[in-house]
Amino acid sequence: MTTESSTWSGLVPIDDTALAVTDTGGTGLPVVYLNGQFATQGYWRRVIADLGTGYRHITYDERARGRKSKKSADYSFETMVRDVDAVLDARGVDKALVVGWSYGAFLAAHWASRNPERALGAVLVEGAEPNDWLTDALEVRIRKLFRLLTPVTWLLRPTGLTPRLSAGQQAESNIELGKIARESALGPVLDAISVPTRYVLASGASLGSKGDEQEHIRASLGPALERNPILKISAKVASNHDWILRKDFRAVADAVREVAGLAAEQAPEPR
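Just so it is clear, the structure is predicted and the values come from calculations on it, not from any experiment.

Rules used throughout
- Residues numbered from 1 in each chain as written.
- Predicted model: local features only at pLDDT ≥ 70, side-chain atom pairs only at ≥ 80, totals over all residues.
- Heavy atoms only, no water.
- Buried < 20%, exposed > 50% of the residue type's maximum accessible area, 1.4 Å probe, protein only.
- Helix = DSSP H or I, 4+ residues; strand = E, 2+ residues; numbered from the N terminus.
- Arc of directions from axis to C-beta.
- Pairing = 2+ DSSP bridges.
- Contact = heavy atoms within 4.5 Å.
- Axes fitted to C-alpha atoms, helices over the stretch in contact; angles between N-to-C directions.
- Parallel < 35°, antiparallel > 145°, perpendicular 65-115°, else oblique.
- Left-handed = near helix turned anticlockwise from the far one by under 90°.
- Patch = residues over 30% accessible without salt bridge, like charges linked within 9 Å, V, L, I, M, F, W, Y side chains within 5 Å.
- Areas by Shrake-Rupley, 256 points an atom, 1.4 Å probe, with all protein chains shown as cover.
- Salt bridge = Lys/Arg side-chain N within 4 Å of Asp/Glu carboxyl O.
- Phe/Tyr/Trp six-rings, centres within 6.5 Å; stacked < 30°, edge-to-face > 60°.
- Lys NZ or Arg CZ within 6 Å of the ring centre and 35° of its normal.

Turning to helix α6 (residues 183-192), its buried residues are Leu 186, Gly 187, Val 189 and Leu 190. Buried residues of α6, viewed axially, fall in a sector of 165°; they line one side.

Let us look at the pairing of strand β4 (residues 55-60). Within β4, six of the six residues are buried, which leaves it mostly tucked inside the rest of the structure. On β4, burial covers both faces: Tyr 55, His 57 and Thr 59 on one face and Arg 56, Ile 58 and Tyr 60 on the other are all buried. Bridging between strand β2 (residues 17-23) and β4 involves three bridges; their strand directions are antiparallel. From the neighbouring strand, Thr 22 faces β4, where its bridge partner is Thr 59. Relative to β4, strand β3 (residues 29-34) is paired through five bridges, and the arrangement is parallel. In the sheet register, Tyr 33 faces β4, and the bridge partner there is Thr 59.

So, about the environment of Trp 133. The topology assignment puts Trp 133 in the loop between β6 (119-125) and α4 (136-156). Between the C-alpha atoms of Trp 133 and Gly 178, which are 45 residues apart in sequence, the distance is 6.7 Å. In contact with Trp 133, not counting residues within four places along its chain, are Leu 138, Ile 142, Asn 174, Leu 177, Gly 178, Ala 181 and Ile 217.

With respect to the helices, strands and loops of the structure, Trp 111 is situated in helix α3 (residues 103-114). Taking the C-alpha atoms as reference, Trp 111 lies 17 Å from Ala 224; in sequence the two are 113 residues apart. In this structure Trp 111 touches Val 81, Val 84, Asp 85, Leu 88, Ala 96, Val 98, Arg 118 and Ala 119, once residues within four positions along its chain are discounted.

Running from N to C, α4 and helix α5 (residues 167-180) point in directions that differ by 140°, and their axes come no closer than 8 Å. Comparing the axis directions of α4 and α5 gives the class oblique. Viewed along their axes, α4 and α5 form a crossing whose handedness is right-handed. Along its contact with α4, which presents Glu 139, Ile 142, Arg 143, Phe 146, Arg 147, Thr 150 and Thr 153, the element α5 presents Ala 167, Gln 170, Ala 171, Glu 172, Asn 174 and Ile 175.

In this section: unusual backbone geometry. In this model, Asp 15 sits at a positive phi of 50°, which is unusual for a non-glycine residue. Within the secondary structure, Asp 15 sits in the loop between β1 (8-14) and β2. The backbone of Glu 126 sits at a positive phi, close to 50°, despite the residue not being glycine. One can find Glu 126 in the loop between β6 and α4.

Together, Val 152, Leu 155, Leu 156 and Leu 161 make up an exposed nonpolar region whose accessible area comes to about 380 Å². Residue Leu 156 is classed as partly exposed on the basis of its relative accessible area, which comes to 32%.

Once that is clear, we can look at the pattern of salt bridges. Counted under the stated rule, the structure contains 20 salt bridges. Of the charged contacts, one joins Asp 16 and Arg 63 as a salt bridge, the two residues approaching to 3.6 Å between their closest N and O atoms. Separated by 47 residues along the polypeptide, Asp 16 in the loop between β1 and β2 and Arg 63 in the loop between β4 and α2 (77-90) bring together distant segments of the chain. The partner of Asp 85 in a salt bridge is Arg 118, with the nearest N and O atoms 2.9 Å apart. Of the two residues, Asp 85 sits in helix α2 while Arg 118 sits in the loop between α3 and β6, which places them 33 residues apart along the sequence.

Now for the packing of aromatic side chains. Under the defined criterion, the tally for this structure stands at four aromatic pairs. The interplanar angle of 45° and the centroid separation of 5.2 Å between the aromatic rings of Tyr 33 and Trp 44 together place this pair among those described as tilted. Within this pair, whereas Tyr 33 is found in strand β3, its partner Trp 44 is found in the loop between β3 and α1 (45-51), the two being separated by 11 residues in sequence. Accessibility classification places Tyr 33 together with Trp 44 in one group, the buried group. Measuring from centroid to centroid gives 5.5 Å for Tyr 43 and Trp 101, while their planes differ by 25°, and the two rings are stacked. One end of the pair, Tyr 43, is in the loop between β3 and α1; the other, Trp 101, is in strand β5 (residues 96-101), and 58 residues separate them in sequence. Under the relative-accessibility criterion, Tyr 43 is labelled partly exposed at 33%. For Trp 101, a relative accessible area of 7% gives the class buried. The residue whose ring lies beneath Lys 247 is Trp 243, and the NZ or CZ to ring-centre distance is 5.4 Å.

Laid out in structure tokens, this is it:
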């Protein structure tokens, strides 16, 4: 693990692309943050500020996200999981606590489940709840939604607030996530997690959801918690899915502290 004390920002080449990465450096416990599906690393600034300089914070923009990360021929979920390792390797980090919001929570769950020797723990914010929410009718709704959003996403693209992906690519990514979220697919992933893991759940709806759809998805987490006691809910907050990192960042930061404490307890005694 490197012991840099100054913040580094730059592009990390991976496959046919390069990702914009920021690493605060230092000797604190490394925390890697995984963004929402089309979000950017800036969403984490309040969480990072609350946690302070005692941690080594590593953020990055996924493929074709933000202003600097480059495009790619591959935007699949599996590739995004592999990118976590590539970023950590590039920054010389052996082990890290992983924090993910929304789409990033699914990435974090998969990465922690597959890498028990590398994951110190996980904080899953408003995501990684096993639920068969994707239906044929919803697929149609998703495709229509992204087509309707095209004029807005094009206008915002130069700011980095929207991805450099077509409406079709965005819809396919969202539909792929629905398949990954199915109980039959995600349940075994959560069952296999063996490092301290805490959920932070929001309330109410999210962009594109209707009625109590989002609360129904959150409720489906119960059986996974019962099967694997290492998974626990740290907090359920008042803000909704889209605003949780802005309005309830302290709850997310507290969950990171909780998992970091558990990871320290489980660390082997020095010889």
